[in-house]
Amino acid sequence: MRKKLVRRFENAKMCFICGLDNDAGMHANFYLADDGTVIGLATARDIHQSYPYCVHGGVSASLLDDAMGRAIKAVEPDRWSVTVEMTTVYKRPVPYGEPLIVTGKLTQDGEKIYETCGEIILPDGTVAVTATGKYFKMSPERLAANGADESYKFLVDEAFPEYIDIPEKSET
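Scope of this entry: the structure provided in the associated data block. Residues take numbers from 1 onward in each chain, read along the sequence in its written order. Whole-chain, interface and lining totals are the exception, using all residues; otherwise, since this is a predicted model, local features are given only for residues with pLDDT of at least 70 and side-chain atom pairs are given and counted only at 80 or more. Heavy atoms from the whole structure form the basis of all side-chain values; hydrogens and water molecules are not counted.

Side-chain rings of Phe, Tyr and Trp, where Trp is taken by its six-membered ring, are said to pair if the distance between their centres is within 6.5 Å; with planes under 30 degrees apart they count as stacked, over 60 as edge-to-face, and otherwise as tilted. Counted according to the given criterion, the structure contains three aromatic pairs. Geometrically, the ring pair formed by Tyr31 and Phe160 is tilted, given 6.1 Å between the ring centres and 45° between the ring planes. Here the residue Tyr31 occupies a position in strand S3 (residues 29-33), and Phe160 occupies one in the loop between strand S9 (153-154) and strand S10 (163-165), the gap between them amounting to 129 residues. The exposure class assigned to Tyr31 is buried, which follows from its relative accessible area of 4%. We classify Phe160 as partly exposed; its relative accessible area is 33%. Look at Tyr53 and Tyr96: their rings are 6.0 Å apart centre to centre, the planes differ by 20°, and that puts the pair in the stacked class. Of the two residues, Tyr53 sits in the loop between strand S4 (38-43) and helix H1 (57-69) while Tyr96 sits in the loop between strand S5 (80-90) and strand S6 (99-109), which places them 43 residues apart along the sequence. Note on conventions: DSSP H or I runs of at least 4 residues are helices, E runs of at least 2 residues are strands, and numbering of each starts at the N terminus. Accessible area is worked out with a 1.4 Å probe on protein chains only. A residue is then buried under 20% of its type maximum, exposed over 50%, and partly exposed in between.

Shown next as structure tokens:
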């Protein structure tokens, strides 16, 4: 399935998932598709393992949390949020050293809380992990009041791809 991209999301400096200066991080890049889906691209490394050749479940959950948390930006581009609740279902081991596709999609948009769903998709199309989440909406001002400022994020100066091809899903 081909998704047309319309935006690239910011990367942070030290975030474990998208932080480009975090040596132990995933260095994931996130994009917004024209249908409102957030698409993340990441490749886990051996430092992210639990059992040999398997990504730690907490790392998989963190990837999904980041993608799903960005889903509100499809309808409210300047909105921030924090996780309230997340349910994760592990269907297959997630290998490291292979490119992963992580998705997040808004499923319900309330006044203060929004709900999402997401998946980690392996290169062969296998859906390895699914999740649902609830997020509390925050304004940039409230985030700043908690000590954050604009210096924690930056956008890599590179063109993003026009399309991302997502392998056909297989849940077997």
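So much for the structure itself; the text now carries on.
Here a strand pair is declared whenever DSSP counts at least two bridges between the two strands. As paired elements, strand S1 (residues 2-8) and S10 share three bridges and run antiparallel to each other. Counted as the bridge partner of Lys3 is Ile164 from S10. Bridging between S1 and S3 involves three bridges; their strand directions are antiparallel. When the bridges of S3 are listed, Leu5 appears paired with Ala33.

Before going further, it helps to spend a moment on the sheet that holds strand S8 (residues 127-138). Here we have eight strands laid out as an open sheet, ordered S5-S8-S7-S6-S4-S3-S1-S10, and antiparallel in their pairing. The open sheet has two free edges, formed respectively by S5 and S10, since each of these has just one partner strand. With strand direction ignored, the average angle separating the axes of adjacent strands in the sheet is 35°. For every element, the axis is a line fit to its C-alpha atoms; helices are fit only across the contacting stretch, and the angle between N-to-C directions ranges from 0 to 180 degrees.

Let us now look at the environment of Arg8. Residue position: Arg8 is located in strand S1. Residue class for Arg8 comes out buried when judged on its relative accessible area of 7%. In sequence terms Arg8 and Phe160 are 152 residues apart; their C-alpha atoms lie 6.7 Å from each other. There is a polar contact of 3.0 Å between the side chain of Arg8 and the side chain of Asn11. Here a polar contact is taken to be a pair of N or O atoms separated by no more than 3.5 Å, where protein atoms must pair a possible hydrogen donor with a possible acceptor and residues adjacent in sequence count only if both atoms sit in side chains. Among the polar contacts listed, one links the side chain of Arg8 to the side chain of Asn29, at a separation of 2.4 Å.

What follows covers the pattern of salt bridges. One speaks of a salt bridge when a side-chain nitrogen belonging to Lys or Arg is within 4 Å of a carboxyl oxygen belonging to Asp or Glu. This model, assessed by the stated rule, comprises eight salt bridges. Across the salt bridge formed by Arg2 and Asp165, the nearest N and O atoms sit 2.9 Å from each other. Linking Arg2 in strand S1 with Asp165 in strand S10, this pair joins segments that are 163 residues apart in sequence. A residue is classified by how much of its surface remains accessible, and Asp165, at 46% relative accessible area, is partly exposed. Close ionic contact of Lys3 with Asp35 constitutes a salt bridge, the shortest N to O distance being 2.4 Å. On the criterion of sequence distance, the pair formed by Lys3 in strand S1 and Asp35 in the loop between S3 and S4 is long-range, its members being 32 residues apart. A residue is classified by how much of its surface remains accessible, and Lys3, at 11% relative accessible area, is buried. Since its relative accessible area comes to 36%, Asp35 is described here as partly exposed. Through salt bridges that share partners, Glu76, Arg79, Asp109 and Lys137 make up one connected network.

Here we take up the nonpolar core. Soluble, globular proteins show a tendency: their nonpolar side chains are buried together. One finds Met26, Phe30, Val38, Leu63, Val94 and Ile120 to be the most contacted residues of the largest nonpolar core, which totals 29 residues. Secondary-structure elements contributing two or more residues to this core are S3, S4, H1, S6, strand S7 (113-121) and S8. Among the elements that make up this core, the one with the highest residue count is H1 (five residues). Setting aside chain neighbours within four positions, we find Leu63 in contact with Ile17, Met26, Ala28, Phe30, Ala42, Leu100, Val102 and Ile120. Working definition of a nonpolar core: buried Ala, Val, Leu, Ile, Met, Phe, Trp, Tyr and Cys residues. They are joined through side-chain atoms within 4.5 Å. Contacts are residue-level and defined by heavy atoms, with any inter-residue pair within 4.5 Å sufficient.

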